[in-house]
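If you want the building blocks of each chain, they are given just below.
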Amino acid sequence: MPHFTIEYSGNLDRHVDMGAVVELVRKAAVETGIFPLGGIRVRAVRCEHYAIADGRQNYGFLDMVLRLGEGRDLATRKKAGEHIFKALSAYLDPVFANQKFALSFDMQINDKETSWKRNNIHEALKVEALHG
Ligand SMILES: O=C(O)C/C(=C\C=C(/O)C(=O)O)C(=O)O
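None of the values given here were measured: they were computed from a predicted structure. (Residues numbered from 1 in each chain as written. Predicted model: local features only at pLDDT ≥ 70, side-chain atom pairs only at ≥ 80, totals over all residues. Heavy atoms only, no water.)

(A) Structural view of the overall build of the chain. Of the regular secondary structure elements, the chain holds four helices and four strands. Each helix and strand of the chain, placed in order from N terminus to C terminus, yields the pattern β-α-β-β-α-α-β-α. Dimensions of the chain, computed from the C-alpha atoms along their principal axes, are close to 50 × 35 × 25 Å. Each of the 132 residues in the chain was classed as buried or not, and the buried ones make up 36%. Sequence separation of at least 24 residues holds for 82% of the intrachain contacts in the chain that already meet a minimum separation of 6. Split by element, the accessible area of the chain, about 8,500 Å² in all, is 52% carbon and sulfur. The centroid of the 18 positive side-chain charges in the chain is displaced by 2 Å from the centroid of its 17 negative side-chain charges. (Helix = DSSP H or I, 4+ residues; strand = E, 2+ residues; numbered from the N terminus. Buried < 20%, exposed > 50% of the residue type's maximum accessible area, 1.4 Å probe, protein only. Contact = heavy atoms within 4.5 Å. Areas by Shrake-Rupley, 256 points an atom, 1.4 Å probe, with all protein chains shown as cover. Lys, Arg positive; Asp, Glu negative; His and termini not counted. Charge placed at Lys NZ, Arg CZ, Asp CG, Glu CD.)

Next up, the structure:
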């Protein structure tokens, strides 16, 4: 982690380039400066089946959850979250203009006692930074 997991209603595929969305979130996460670069992962999962509000099929949603480790204070988490949400929200302005749409973003903090990881991307990035 940090893991950004996006779930979205399948009807957005016609209007939104999800490849661009995951890259935008990755860049915004890097810009916050609070995450180890090698730990950042962003994915988007299309939901084929969903039910929203009063059940009309033309509503859409995109929900993003960030799972991150312990050790950052609330002010730091809030500032980073606001930066990321602002970038994502601005990118999705055309969706808000064209349909009824719900966007949400939450953070969840991992308990370090029950979180296991193995990741050699950190080392690879260090080597690359040294040798180009
Ligand atoms: O510490 C965590 O649980 C998540 C995290 C970083 C994780 C990695 O770098 C990794 O999995 O390699 C964080 O900075 O919040």
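(B) Broad picture of the nonpolar core. By size, the foremost hydrophobic cluster in this structure holds 25 residues, and its most contacted members are Phe 4, Phe 35, Leu 62 and Ile 84. For this core, the secondary-structure elements that each account for two or more residues are β1 (3-9), α1 (18-32), β3 (60-68), α2 (74-91) and β4 (101-109). Looking at which element gives the most residues to this core, the answer is α1, with five residues. In this structure, Phe 35 is in contact with Pro 2, Phe 4, Ala 29, Ile 40, Leu 66, Leu 68, Arg 72 and Ile 84, ignoring residues within four places of it in sequence. Residues Cys 47, Tyr 50, Ile 52 and Phe 61 belong to the second largest nonpolar core, which totals five residues. (Core = buried A, V, L, I, M, F, W, Y, C linked by side-chain atoms within 4.5 Å.)

(C) Inspection of the sheet that holds β4 at higher detail. Reading across the sheet, the four strands line up as β2-β1-β3-β4 and stay open at both edges, with mixed pairing between neighbours. Each end of this open sheet is capped by a strand with a single partner; those strands are β2 (41-47) and β4. Sheet twist, expressed as the mean angle between neighbouring strand axes with direction ignored, is 15°. By the bridge criterion, six bridges tie β1 to β3 in an arrangement that is antiparallel. What sits directly across from Ile 6, in β3, is Met 64. The strands touched by α2 within the sheet are β1, β3 and β4, with β4 carrying the most contacts at an inclination of about 155°. (Pairing = 2+ DSSP bridges. Axes fitted to C-alpha atoms, helices over the stretch in contact; angles between N-to-C directions.)

(D) Region of interest: the pattern of salt bridges. Counted according to the given criterion, the structure contains five salt bridges. Taking the shortest distance from any N to any O, the salt bridge between Arg 46 and Asp 13 comes out at 2.6 Å. In this pair, Arg 46 is assigned in strand β2 and Asp 13 in the loop between β1 and α1, connecting sequence segments 33 residues apart. Of the residues examined, Arg 46 reaches a relative accessible area of 42% and is grouped as partly exposed. Judged by its relative accessible area of 36%, Asp 13 falls in the partly exposed class. (Salt bridge = Lys/Arg side-chain N within 4 Å of Asp/Glu carboxyl O.)

(E) Representation of the packing of aromatic side chains within the structure. Counted by the stated rule, this structure contains three aromatic pairs. Ring geometry for Phe 4 and Phe 35: centres 6.1 Å apart, planes at 85°, overall edge-to-face. Taken together, the residues Phe 4 in strand β1 and Phe 35 in the loop between α1 and β2 connect sequence positions 31 residues apart. Across the pair, Phe 35 and Phe 4 agree in class, each one buried. Look at Tyr 50 and Phe 61: their rings are 6.2 Å apart centre to centre, the planes differ by 70°, and that puts the pair in the edge-to-face class. Of the two residues, Tyr 50 is situated in the loop between β2 and β3 and Phe 61 in strand β3; the sequence distance between them amounts to 11 residues. (Phe/Tyr/Trp six-rings, centres within 6.5 Å; stacked < 30°, edge-to-face > 60°.)

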